[in-house]
Structure formats: C-alpha cells, structure tokens
Amino acid sequence: MMAGSTLRKVKSRSWKKQRHFRLLEDGVTIWYKSRWAGIGHSTFSVSEVEAVREGHQSEVLLSIAEEYPADLCFTLVFHGRQGNLDLVADSAQEAQAWIQGVRKIIHKAETMDDKERLDQWVSDWFLKADKNKDGRMIFKEARKLLKMMNVDMNEEHAFHLFMMADKSESDSLEIEEFVQFYKMLTQRDEVWKVFQDYSEDAEKLTLAELENFLRQEQQEGDRSAQYAQQLIDRYEPSEMARKQGAMSLDGFQVYLCSQEGSILKPDHRDLHQDMSQPLSHYFISSSHNTYLMEDQLQGQSSLEAYIQALKRGCRCVEVDCWDGSDGEPVVYHGHTLTSKILFKDVIATLGEYAFKASDFPVILSLENHCGVEQQNVMAQHLKRILGDMLLSTPLDGQVLQQLPSPQELKGKILLKAKKMRGLEGCPDETLTDEVSNEDDMANEDAESPSAEDAECLDLSEKKTKSKLSRELSDLVIYCKSVHFHGFEHARLHYKCYEMSSLSESKARKLAKDAGTDFVRHSTRQLSRIYPGDLRTDSSNYNPQDLWNVGCQIVALNFQTAGLEMDLNDGLFSQNGRCGYILKPDFMRDSGTMFDPEKPEECQCYRPLRLSIQVISGQQLPKVKQREGSIVDPLVRVEVYGVPQDQAKGETNYIPNNGFNPVWNETLNFVIHTPELALVRFVVEDYDKASRNDFIGQFTLPFTCIQAGYRHIHLLSKDGMTIPPSSLFVNISISELS
C-alpha cells in the first residue's frame, strides 16, 4: 500500500478513471491523484472509513459486473453521509492487498484506547509539520504547526516552550521531544485547579480525596468509595501511584477525558430500558422517503440510503412503490425526476441490513401506487426474500387488545400499509388505493397540494375505488393504515393495530389545539408524522414538537444534516442506540392529564434547575483551511422540549484560540418537563460580518446528563466524532424551590 497502486475509481458505467493510490507514512492517510493532475491530489484518513466491501457490493459495481469480475472490485464505505468509493484493481492479489490492508488499519484504530488514540493524533501532527521528512522539527516548522493546530500563541512564549522541550540541545525536536512540547502546550490549568482543590499535597489524590471529589462534585453517592478504587485501577498510568491507591494529575485528566468522565451517563449508553411494553409506548427512530440520497425532485434513489439509515438505528423506513415497465415494481418519488430502483432490490437490502445495528423490529412503511398485478409481485418478493423475518400472522395467532412489544417482535419486519379487512376477519372489499403521498392528504388544507395530492383529491371527490391485492393486504398485521377522523372517532372505533399518517402541519395544529387528547391517543395507537410537501429540498421539521405529544414515528429526511437530525440522533443515542426509546410514564397512561402547553397542571410536574459552567475547549477543528486562519469560538447551549423549556444561552467568543479557549461562564436554565428535554451544545466560529460558522455539536437527553465536571466530545455536522475536540464543563442539577 505504501508503494502505491493504480486503481480504477468508478462513479458510473460510463465514468471509470485510473487514479494512483498510496498509503502515506503516517499509516492512516490514503493519498491519490490522476497522473494528469499535475501537483493536485486528494487525501482521506482511514479513520473515516467504516467498512470495506468485497466484490460487486454496491449499485455502481453491480452495474459493471459483466466488465470486471468480482475479485477485482471493492468498495470503501465511509462513516456518516459521505458517498462510497468504488474501486477496481488490475489483479485479484492487488485487490486483496488493499482490502486486507485497510481492514487491518480500521481494526487497529477501533481497538485503540484513549491514550493510544491521542498519541496517534500527536504523531500525525508531527509528520504533517516535518516538511523535509528528516524526523526532526525546527522552530520554523513548529510555528507553522501551531497555526495548523488552531493556536495563535505569542512567538516568544512558543520559542520558550520549544527550547524547554529540546533536551538534546540540537535546536530541533525529535518525536519524543515533540510529545513533551505538545504536553506543555496542552497543560490544562483548569483541570489542575480542580485537582488542587481536593489534593492536600497538590501531587496526588489519595483514595479518600478521590472519593470526596466523586461524592461532592460528581454526585456519585454511596458508590464513591468503591468507584474511586476502580478509577485508579482503570486510568492511573503510574504503577507506583496505583500501588499506593492514589491518582496523579495525569490519571485524573485521563479519567475526566474518558467515556466515564463524559457528560452522557455510561449506563444509559447501553440497552437499559424495559422493552416489554406495547409498541405504542416507545419513540421509534423513523425515516421519510428513505430511498432518497438528496432532494425530493431530482435526487438519486439508492439502496445505500436504506443501508445508511438502518446503520444509524432507524427502525421505520419508507418505500414508495410504482408500476415498473417490465412487470417489476419500482421505488422512486412519483411524478418527479428522481431516479428509480427495483422494489425487490430494496427488500433484499432490508433483509441484509435490518438487524445489524439493532435486533428490535423494523416497520416497512409502504406507499402503494401499484396496480393489483404488481402488488401481487411485491407480496411475492416480500415473502420470498424476507422469509421468516416478515411478520405475516399475529403472534400466537391471537388478536390482542394492545400492540405487542419490541421484545416480542425482535428480528421481525412489520408491513405498514392499507388492509382489506381487520385482523378479526371483517372484510372491506373495496378500498381507495394509497395514491397520495400519505393517508390523509385529501383532508389536508394547511399546505398547497402537489400534482400527486391533486390526483388524490380528484379521486376522492369522484368516489373512485380501486382494489387492493389480497395477497399483499394479508401481510399487514399490526400496522394497518387508516384515515384519521379525529381523536374521538379513533377512541370509539379503537383497534390497536390501526394507525394514521399526518403531515407535520396537521399534527402540529392538533398538538397545539388538543395536546392532552393527542397524548392519550398515542398511549394506545401508533401515529406517523411526515414532512410537508413544500420541503422539496429534503429539509426537516423540528421533531420535538411531535415527541411532546407522544407521536412514535416522527419521520425525518435522514440524508439532511442539521439541527433536526442532531435532535433525532441525540434522543436515540441512549438505550444501546436500538432505535426504540421508552416514553415517560405520564405518556403511557391512557388517563393522563399531561398537556405539553401546560405541564404545570399535570401531577407529574417536577421542574429542575440546570446550571452549566462552560469552562474550556480543547483542540477545536479549523473551519477555514486557509493559512493563518484561526477560529474565534463561542459556545451556545440550546434546550428543546415542551414550549416552556425552549431556551438558549451563549458565552462570549474567545479571539484567535481554537486550541485551548477558556470561557468560565455560567448559563442557567429551568427545565419544566425534564423527561422530554434535549440539551444541545453548539460550538461556532464567531464572525461579526456574517453568519457564524459551525464547528461542532453534541446533543443528549436531559435525563442522560451526568452532573459534575464533565467533558463533551464534539461531533461534526454529519454526526461523526472529531477527536480530540471537546468542551470541559461543570454541571449542576437541582430541584426548583
């Protein structure tokens, strides 16, 4: 890999171009260029690669399968929303060298501990700064490095640190000396101050002193004594200190930067909720028009979109089906220029990836625009491809008074669609086809209808009825799509397996006008909310407004990064990222009086005070890559929840310091409904002349926050980690007197 190979980069059947690829000296960066590109080249880090697929394992490589055999082909799959890199080697041996080589590097990166990862990061910087590749760094190179690392340091002070690190007195730093230079650069005075507050000799924390810190600051309670010993065993690098039952400053800092020292409660990361309650008692991670990679009018439809959504823990995916020209149903956004993919390929992809990220059930939301003949083809594909994964009969053959639980439905795929009859067997032989975007568009007056919806309105007015395929209808068990006639109608004609889809505007209006009725309805039956028709750019609405009334399936455009997907990722970051979150108890009681507009009127009202001292930031990434550009960071804390909880507060900006900015500012909030609140930490690069640039963010449920001194490990716009970028905060949570 370091010697380099010429590989074909493939984008389509007609776009196949040779590029020279090689692994750089740092062992993690892959460099590639066209032989005609002059000095121009591209690079990416193997840390950005999630997996390597062998053979024709992508749509692009499948399209050229006749031209290139499978043993020459492989695909690099990137984290987040970045597109795949499809490559073809000249020989099977060369392909295997790259496949196995990249996999080894990925495995090594995944098995590193925090210290090894930091050492790798420091080593990478050294190699970037060592321009002449002599294994040494002169001060001129060190000065350039500081700019690259987002540090605007007084040159005299930087030179002083450089000379202190130069133990060999050679006016240059070797790698070990550079590590010392880096340690002096990153000396954390704010951590040292906390350490000193609890250490009598200012050199170590005894077991008793560490226990006191854990009890007083970290609010660890009765487990503090036992936990103190565990932390020393786990994080203290000095063998002598461990033998003495003490923790050094280095060990203390490693603990604070670890997952246990992070803001998200470690036990909430894992599957910890009761999964034996009815499906209607959970928020379910849900995607809208899952097949689209881009916008709703001209965007590419792709199997990769399903793979990416399922890997993110999505448990409800959508398929829009239309009659194909050759008897095979196709999936695309009807009456638009979006590309088409085969229904059977979508189902095969679902069968392969449905349960890789989570064992809990997947709901396949079917928008059926096909004639009876191709509906029968769809039913046959579903049964043949999914086999036992497809739930095609009620559990234990019985019709229940409430929906089964995620635990009971583990490993099952549920079809959501129209159905000719109820589970009890009452026939309803003629039903209007689902020709609109969603079930209730004929009722929708809040948005101007599209051509698609106009077709539905016209059909509705003429009372046109078209038959469903009995074979497809019979596969719908617990998610029968019905028109929404109001909460009272749903209560009087209650069937646990019936559910409705509502547009965001209609759902929001119902939430505002009849909040308690909506919450009660959501204790018994599923509701699916989808983005309005005007969102042709695949933008998203705020899902929090609908979670506030207990809506389970709040479908978002997963392909579009931003605040709304940050909230979705934040909510579902807990409970093992399984895609199901148990709703608060007051949203599972069918007699609840909870109204998100008036939370204080509910018996469950227990407001809390949240105080966040934003202390410092560490190694924030550069926003603008031009030479000499350094960020001016500020931190904004945003709270999302019931209307009374919506709030924001921000720090001042720190000029020219993305490396170790210190704010020491406190932001205070009152949280009226803690069980529904999400807290989002956003770091931005201040710009007085234009909009601030995004640097990083982290979002989590309020109930998952650990009090005390905590690090927040920042995520990119795409939701990927950007180590070692973090914020250091002190969090206090108390009852509102």
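Up top you'll find the structure we're talking about.
This write-up is about the structure you can find in this document.

Thresholds, definitions, all that
Residues numbered from 1 in each chain as written. Predicted model: local features only at pLDDT ≥ 70, side-chain atom pairs only at ≥ 80, totals over all residues. Heavy atoms only, no water. Helix = DSSP H or I, 4+ residues; strand = E, 2+ residues; numbered from the N terminus. Rg over C-alpha atoms; globule rule 2.2 N^0.38 Å. Buried < 20%, exposed > 50% of the residue type's maximum accessible area, 1.4 Å probe, protein only. Salt bridge = Lys/Arg side-chain N within 4 Å of Asp/Glu carboxyl O. Patch = residues over 30% accessible without salt bridge, like charges linked within 9 Å, V, L, I, M, F, W, Y side chains within 5 Å. Areas by Shrake-Rupley, 256 points an atom, 1.4 Å probe, with all protein chains shown as cover. Lys, Arg positive; Asp, Glu negative; His and termini not counted. Charge placed at Lys NZ, Arg CZ, Asp CG, Glu CD. Axes fitted to C-alpha atoms, helices over the stretch in contact; angles between N-to-C directions. Parallel < 35°, antiparallel > 145°, perpendicular 65-115°, else oblique. Contact = heavy atoms within 4.5 Å. Nonpolar A, V, L, I, M, F, W, Y, C, P; charged D, E, K, R; others polar. Pairing = 2+ DSSP bridges. Expected span 1.5 Å × (residues − 1). Arc of directions from axis to C-beta. Left-handed = near helix turned anticlockwise from the far one by under 90°.

**Describing the overall build of the protein**
Consideration 1: Scanning the protein for helices and strands turns up 22 helices and 28 strands.
Consideration 2: What you see for the protein is a C-alpha radius of gyration of 28 Å, in line with the 27 Å of a compact globule of 737 residues.
Consideration 3: With the principal axes as the frame, the protein shows a C-alpha extent of 90 × 70 × 50 Å.
Consideration 4: By residue count, 55% of the 737 residues in the protein fall in the buried class.

**Focus on the pattern of salt bridges**
Consideration 1: In the structure shown here, the tally under the stated rule is 33 salt bridges.
Consideration 2: When the shortest N-O distance is used, the salt bridge between K193 and D197 registers 3.9 Å. Note that K193 and D197 are positioned in helix 7 (residues 189-198) at a spacing of four residues, about one turn of the helix. Just as K193 is exposed, D197 falls in that class too.

**Description of a positive patch on the surface**
Consideration 1: On the surface, K131, K133, K140 and K144 cluster together into a patch of positive charge.
Consideration 2: Structurally, the position occupied by K144 is in helix 4 (residues 139-148).

**As for the packing of helix 9 (residues 224-235) against helix 11 (residues 249-257)**
Consideration 1: For the pair helix 9 and helix 11, the least separation of the axes is 9 Å and the interaxial angle reads 100°. In this view, helix 9 runs roughly perpendicular relative to helix 11, as classed from their interaxial angle. Side by side, helix 9 and helix 11 meet where Y227, L231 and Y235 of the first sit next to G251, V254 and Y255 of the second.
Consideration 2: When the residues that make up the contact of helix 9 with helix 11 are grouped by side-chain class, the tally is five nonpolar, one polar and no charged.

**Some points on the sheet that holds strand 1 (residues 5-10)**
Consideration 1: The seven strands are arranged 4-3-2-1-7-6-5 in an open sheet whose pairing can be described as antiparallel. Edge positions in the sheet fall to strand 4 (42-45) and strand 5 (49-54), since each of these pairs with one other strand and no more. Taken over all neighbouring pairs, the strand axes of this sheet differ in orientation by 35° on average, direction set aside.
Consideration 2: Contacts from helix 2 (residues 92-110) reach strand 1, strand 2 (16-23), strand 3 (29-33), strand 5 and strand 6 (73-78) within the one sheet, and its direction differs from that of strand 5 by about 150°.

**Side note on unusual backbone geometry**
Consideration 1: P724 follows P723 through a cis peptide bond whose omega is 0°.
Consideration 2: With respect to the helices and strands, the residue P724 is situated in strand 28 (residues 721-735).
Consideration 3: Backbone geometry at S538 places phi at a positive 65°, although glycine is not the residue there.
Consideration 4: S538 sits in the buried class, given a relative accessible area of 1%.
Consideration 5: The phi dihedral of Q619 falls on the positive side, at around 45°, and the residue is not glycine.
Consideration 6: Locating Q619 in the fold gives a position in the loop between strand 21 (608-618) and strand 22 (633-640).

**A closer look at helix 3 (residues 114-129)**
Every α-helix carries 3.6 residues per turn, so stepping three or four residues along brings you back to the same face.
Consideration 1: Taking 1.5 Å of rise per residue, the 16 residues of helix 3 would be expected to cover 22 Å, and the 23 Å separating its terminal C-alpha atoms lies within 8% of that figure.
Consideration 2: All of the buried residues in helix 3 are Q120, W121, V122, D124, W125, F126 and A129.
Consideration 3: Contact partners of the buried residues in helix 3: helix 4, helix 6 (175-185) and strand 28.

**Quick notes on helix 4**
Consideration 1: The set of residues buried in helix 4 consists of F139, E141, A142, L145 and L146. Seen from one end, helix 4 has its buried residues packed into an arc of 150°, which puts them on one side.

**Quick look at the pairing of strand 1**
Consideration 1: As paired strands, strand 1 and strand 2 are joined by six bridges and run antiparallel to one another. Of the residues in strand 2, the one forming a bridge with T6 is H20.
Consideration 2: Here strand 1 hands over to strand 2 after five residues, the two strands then running antiparallel side by side.
Consideration 3: Where strand 1 meets strand 7 (residues 85-88), three bridges bridge the pair, whose relative direction is antiparallel. Bridging across to strand 7, K9 finds its partner in L87.

**Some points on the packing of helix 4 against helix 5 (residues 155-165)**
Consideration 1: Two elements in contact, helix 4 and helix 5, have axes whose closest approach is 11 Å; the angle formed by their N-to-C orientations is 120°. Classified by the interaxial angle, the pair formed by helix 4 and helix 5 is oblique. As for the relative orientation of helix 4 and helix 5, their crossing is right-handed in sense. Contact residues: F139, A142, R143 and L146 in helix 4; E155, A158, F159 and F162 in helix 5.
Consideration 2: Residue composition of the contact of helix 4 with helix 5, by class: six nonpolar, no polar and two charged.

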